[in-house]
Amino acid sequence: MKRKTLIAVGVGAAVLVIGGGYGVYHIVKSNADPVEVISVSSLNSGWWGDGTSTSGMITANANQEVHLTDGEVIDKVYVKEGDKVKIGDKLLAYDTTLLELDLESEKLDRQSIKLKIKAAQQELEKLKKITPVADNQYGDASGNHGVVLAKTRMVMTATESESVQTETPAPETQPPSTEPVQTETPPPETFAPETQPETQPSGEVPGPEQETESEKSPLGQVKAYKKLNYDSKPYKGTGTKDDPYIFFCKEGTTIYASFMNKILGFNELGTSRKNGGMNGDGEGSYAILEIREGDSVNGGFVKSISINGTVKADKPYAPDITWTFGSDGVTKNVPQIDEPETEEPDDPGDDIWGGDDFGDDVYTVTELKEAIKEKEDEIKDLKLDLREANIRVKQAKRKTDAAVVKASINGIVKAVGDPKVGEVDGKAFISVTSNEGMYVRGTINELKLGEVKVGTTMTGMSYESGMSFTAEITEISEYPDTENNYYNSGEPTGSQYPFMAYIEDSTGLTNMEWVDLTLDGNTGGNSSAIYLYKAYIRSENGQSYVYKADENNRLVKQYVKTGATVYSTNIEIKSGLSLEDNIAFPYGKNVTEGAKVKIDEDEAGEVPE
């Protein structure tokens, strides 16, 4: 009743005083029933990696059969019929040449996938740093000719001062132009075709639509370049980082070395910086190449790429190098060289394209979202490929390690085949029968194959006599058990692989009796591992968390790193919690950050309903 009274008072106070509501709410919250918390040590379901139980059968008549692996060549046979062998003695060896080559090939494939993942992740980070433009920013129907650079947010419109872009198909050897780019609006007569050569190159003759545009706007006279050379002029910009030169291009535009050298500040021949560059001052410039639909400035945006001509370049590009610019980016066309070069090529490198501090491919909001999603999907696929590659590497290594076949039992060699003939009628190439001691046969879950190997010890106990014993695994089959002859506990479902283990002291054991087996703790375990019932763990934005009591006996949200899930009910906590912490069941009206807590010792381990 006290709670209802407080709420009523809070409502009345809110009408009279705006700030009063918060005070009453704070009182209600502070007087709410404490949230019960339980120690993690009480909730911990135990260390699932401490051992795995399975069943097995004692046998005094063990046999080892060695079948040849398809495609492998026998290098040497160490035994003959009638030989006595001990566990670990060599029986035969395969030629490892092909096995080692296969292993190396798988490792190279795996490394290649790792490099692809790293490159894709770097590309993804680059995409996430791009500031997109509005979907209608480029070439909209309203005549907005704005250009927005992702990182600089530089905007230029057709109303700004601009010079006319015309293509003068001059030869590459023509003396360099020393006239600065025009940055003020020229009088109308400068837009006349008098700056064009009398004979237009093929494909450069303006069509009827372009002529119509020229009558409406000076921008209509801007023609898309098919070739960029030293004489090519921008239709916009002053060459600074904030106001780069804009060159309007066709799909598949050829970019000559003389153009690149001019952007870098060299003269046309690339011999010096004297009177070189866009302004004849020997300085590099910033530029953007762009392609639009229909080769019209009014067309929709297709592709753009930035050029940073201010990068340090001691040498110009060689005159015979060209690039092709299209909707898929820029491709360098390196000329075929008949004779090997003896000198370092004159090439300032690729840093000029899309520098770290200037420009990126321009994306609209929608395009950027699609590009990021595609890159994320690509990374997911590559990570799956990496998992498969890791499996192939392990398989190849296992084959290489198993190139020498050893005896898994103490016994006598009953049969040995001819290495030149191989197996006959599916019979084992080498057969060994035990002559002393006892063995136990069982199965191991496929998820444990990476932790259990030949030499791993296990403990067992007879169902009939209660005798305990220790056994050492001497053989693990490469093929899973298809008959499900043995029972396994403490493991999730999955394929079971037969194994055989030698019992050194078999006193009190009889042939063909069933025993309970426990694999000794694996090397990767930790007795302080925490496994919590999954109901105690919540998720937020892909991160797992619990509600933990802090030093002030208040609930706080504690993020944790999770690991394996066992039986779909218990989740491993790798970090974020200790056995000494106290946590709350994360559901209920009072469970929130800042709530008071009460330690409950009586109901430890129970899950609230």
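Structure report, in brief. (Residues numbered from 1 in each chain as written. Predicted model: local features only at pLDDT ≥ 70, side-chain atom pairs only at ≥ 80, totals over all residues. Heavy atoms only, no water.)

What to know about the overall build of the protein
Helix and strand counts for the protein stand at seven helices and 30 strands. Buried residues in the protein amount to 39% of all 609 residues. Residue pairs at least 24 apart in sequence account for 73% of intrachain contacts in the protein once pairs closer than 6 positions are excluded. (Helix = DSSP H or I, 4+ residues; strand = E, 2+ residues; numbered from the N terminus. Buried < 20%, exposed > 50% of the residue type's maximum accessible area, 1.4 Å probe, protein only. Contact = heavy atoms within 4.5 Å.)

Section: the pairing of strand β11 (residues 286-292)
Burial analysis of β11 places seven of its seven residues in the buried class, the great majority of the element. Looking at chain direction, strand β10 (residues 245-256) and β11 are connected through five bridges and run parallel. Following the sheet pairing, F248 is matched in β11 by E290. When β11 meets strand β12 (residues 301-308), the two strands line up antiparallel, connected through seven bridges. Across the sheet, R292 pairs through a bridge with F301, a residue of β12. (Pairing = 2+ DSSP bridges.)

Some points on the packing of aromatic side chains
Using the criterion set out here, one finds eight aromatic pairs in the structure. An angle of 85 degrees between the planes, with centres 4.8 Å apart, marks the rings of Y317 and W323 as edge-to-face. Y317 sits in the buried class, given a relative accessible area of 2%. Judged by its relative accessible area of 2%, W323 falls in the buried class. Aromatic rings pair up to connect Y536, F585 and Y587 into one cluster. One cation-aromatic arrangement involves R273 over F266; the distance from NZ or CZ to the ring centre is 4.2 Å. (Phe/Tyr/Trp six-rings, centres within 6.5 Å; stacked < 30°, edge-to-face > 60°. Lys NZ or Arg CZ within 6 Å of the ring centre and 35° of its normal.)

With respect to unusual backbone geometry
For D425, which is not glycine, the phi torsion reads 55 degrees and is therefore positive. By secondary structure assignment, the location of D425 is in the loop between β16 (411-416) and β17 (430-434).

Regarding the nonpolar core
Core analysis: the largest hydrophobic core is formed by 24 residues, its most contacted members being L228, F247, I255, F259 and L289. For this core, the secondary structure elements donating two or more residues are β9 (225-228), β10, α6 (257-264), β11, β12 and β13 (322-326). Looking at which element gives the most residues to this core, the answer is α6, with five residues. The next biggest cluster of nonpolar side chains, apart from the first, holds 18 residues, and it includes I74, Y94, F429 and Y502. (Core = buried A, V, L, I, M, F, W, Y, C linked by side-chain atoms within 4.5 Å.)

Concerning the packing of helix α4 (residues 97-128) against helix α7 (residues 365-401)
Viewed as axis vectors pointing N to C, α4 and α7 meet at an angle of 160 degrees, and their least axial separation amounts to 8 Å. With respect to α7, the element α4 is oriented roughly antiparallel. The element α4 and its partner α7 pack so that their crossing is left-handed. (Axes fitted to C-alpha atoms, helices over the stretch in contact; angles between N-to-C directions. Parallel < 35°, antiparallel > 145°, perpendicular 65-115°, else oblique. Left-handed = near helix turned anticlockwise from the far one by under 90°.)

Considerations on the pattern of salt bridges
The final tally for this structure, using the stated rule, is 11 salt bridges. For K86, the salt bridge identified is with E436, shortest N-O distance 3.2 Å. In this pair, K86 sits in the loop between β5 (84-85) and β6 (90-94) while E436 sits in the loop between β17 and β18 (438-445), placing the two residues 350 residues apart along the sequence. Overall, the relative accessible area of 35% leaves E436 in the partly exposed class. With a closest N to O distance of 3.0 Å, K375 and E378 form a salt bridge. (Salt bridge = Lys/Arg side-chain N within 4 Å of Asp/Glu carboxyl O.)

So, the sheet that holds β6
Strand order in the open sheet made by the three strands is β4-β6-β15, with antiparallel pairing throughout. In this open sheet, the two edge strands, each paired with only one partner strand, are β4 (74-77) and β15 (404-406). Within this sheet the neighbouring strands show an average axis-to-axis angle of 20 degrees, counted without direction. In this structure, β6 lies alongside β15, joined through three bridges in antiparallel fashion. Bridge pairing in β15 places K90 opposite K406.

Some words on the sheet that holds β17
In spatial order, the strands read β3-β17-β16-β5; together these four strands make up an open sheet with antiparallel pairing. Of all strands in the sheet, those bounded by a partner on one side alone are β3 (63-66) and β5.

Here we look at the side chain of S431
Take S431: it is sitting in strand β17. According to the relative accessible area criterion, S431 is buried, its value standing at 17%. Contact partners of S431, with chain neighbours within four places excluded, come to Q64, E65, I412, V413, K414 and A415.

Some points on the environment of V77
Tracing the backbone shows V77 in strand β4. With a relative accessible area of 24%, V77 lands in the partly exposed category. Separated by 339 residues in the primary sequence, V77 and V416 place their C-alpha atoms 8.8 Å from one another. In this view, V77 contacts L91, L92, V416, P419 and F429; residues no more than four positions away in its chain are not counted.

Concerning the environment of K118
Its place among the elements puts K118 in helix α4. A relative accessible area of 52% places K118 in the exposed class. A C-alpha to C-alpha distance of 9.0 Å links K118 and I379, two positions 261 residues apart in sequence.

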